[in-house]
Amino acid sequence: MNENNNPSTLLTTEEVIQLLRISKRTLQTYRSEYRIPFLRISSKVIRYREIDVLNFLLSTTSNSYLRDKCGKLLAKYRIKH
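Residues numbered from 1 in each chain as written. Predicted model: local features only at pLDDT ≥ 70, side-chain atom pairs only at ≥ 80, totals over all residues. Heavy atoms only, no water.

Student: Tell me about the nonpolar core, and name the residues and values.
Tutor: In this structure, Val16, Leu20, Leu27, Ile36, Tyr48, Val53 and Phe56 are the most contacted members of the largest nonpolar core, which totals 13 residues. Here this core gets 4 residues from one element, more than from any other, and that element is helix α1 (residues 13-20). The contacts of Phe56, once residues within four sequence positions are left out, are Leu20, Tyr30, Arg35 and Ile36. (Core = buried A, V, L, I, M, F, W, Y, C linked by side-chain atoms within 4.5 Å. Buried < 20%, exposed > 50% of the residue type's maximum accessible area, 1.4 Å probe, protein only. Helix = DSSP H or I, 4+ residues; strand = E, 2+ residues; numbered from the N terminus. Contact = heavy atoms within 4.5 Å.)

See the structure below:
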């Protein structure tokens, strides 16, 4: 994940699947179900805003790994929940 504090930071598919610990296919399903926002840069290039991934994490967090990741991202942006 990028280390600056810009909520508009764009993440690659690989970064998102590592962060969420999901497969590419699951991420594709989330996109098709509009569960996670994304930007289509070109026909083969998709990016995700870091803040959108954080919001997705906050809305779906159920295991301790994801809660820890949420806490780290929340601290990064100094967001209180």
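Student: Quick one: what's the story with unusual backbone geometry, residue by residue and with numbers?
Tutor: Backbone geometry places Arg21, a non-glycine residue, at a positive phi of 55 degrees. Mapped onto the fold, Arg21 is located in the loop between α1 and α2 (24-32). In this model, Tyr34 sits at a positive phi of 60 degrees, which is unusual for a non-glycine residue. Of note, Tyr34 is situated in the loop between α2 and β2 (39-40). On the basis of relative accessibility, which here comes to 72%, the residue Tyr34 falls in the exposed class.

Student: Just give me the short version of the pattern of salt bridges, but keep the residues and values in it.
Tutor: Inspection of every chain in the model, using the stated rule, returns 3 salt bridges. Here Glu33 and Arg35 are joined by a salt bridge, their closest N and O atoms 3.8 Å apart. Of the residues examined, Glu33 reaches a relative accessible area of 47% and is grouped as partly exposed. One salt bridge connects Asp52 with Arg49, and the closest N-O pair in it is separated by 2.9 Å. (Salt bridge = Lys/Arg side-chain N within 4 Å of Asp/Glu carboxyl O.)

Student: Go over the sheet that holds strand β1 (residues 10-11), please, and point to the residues and values.
Tutor: With antiparallel pairing, 3 strands are arranged side by side in an open sheet as β1-β3-β2. With partners counted over all chains shown, the strands left at the sheet margins are β1 and β2, one partner each. One ladder, built from 2 bridges, connects β2 with strand β3 (residues 46-49); its direction is antiparallel. By the bridge assignment for β3, Arg40 is matched with Ile46. Each of β1 and β3 touches helix α3 (residues 50-60); the most contacted strand, β3, lies at about 65 degrees to it. (Pairing = 2+ DSSP bridges. Axes fitted to C-alpha atoms, helices over the stretch in contact; angles between N-to-C directions.)

All quantities given are derived from atomic positions and should not be read as evidence of function.
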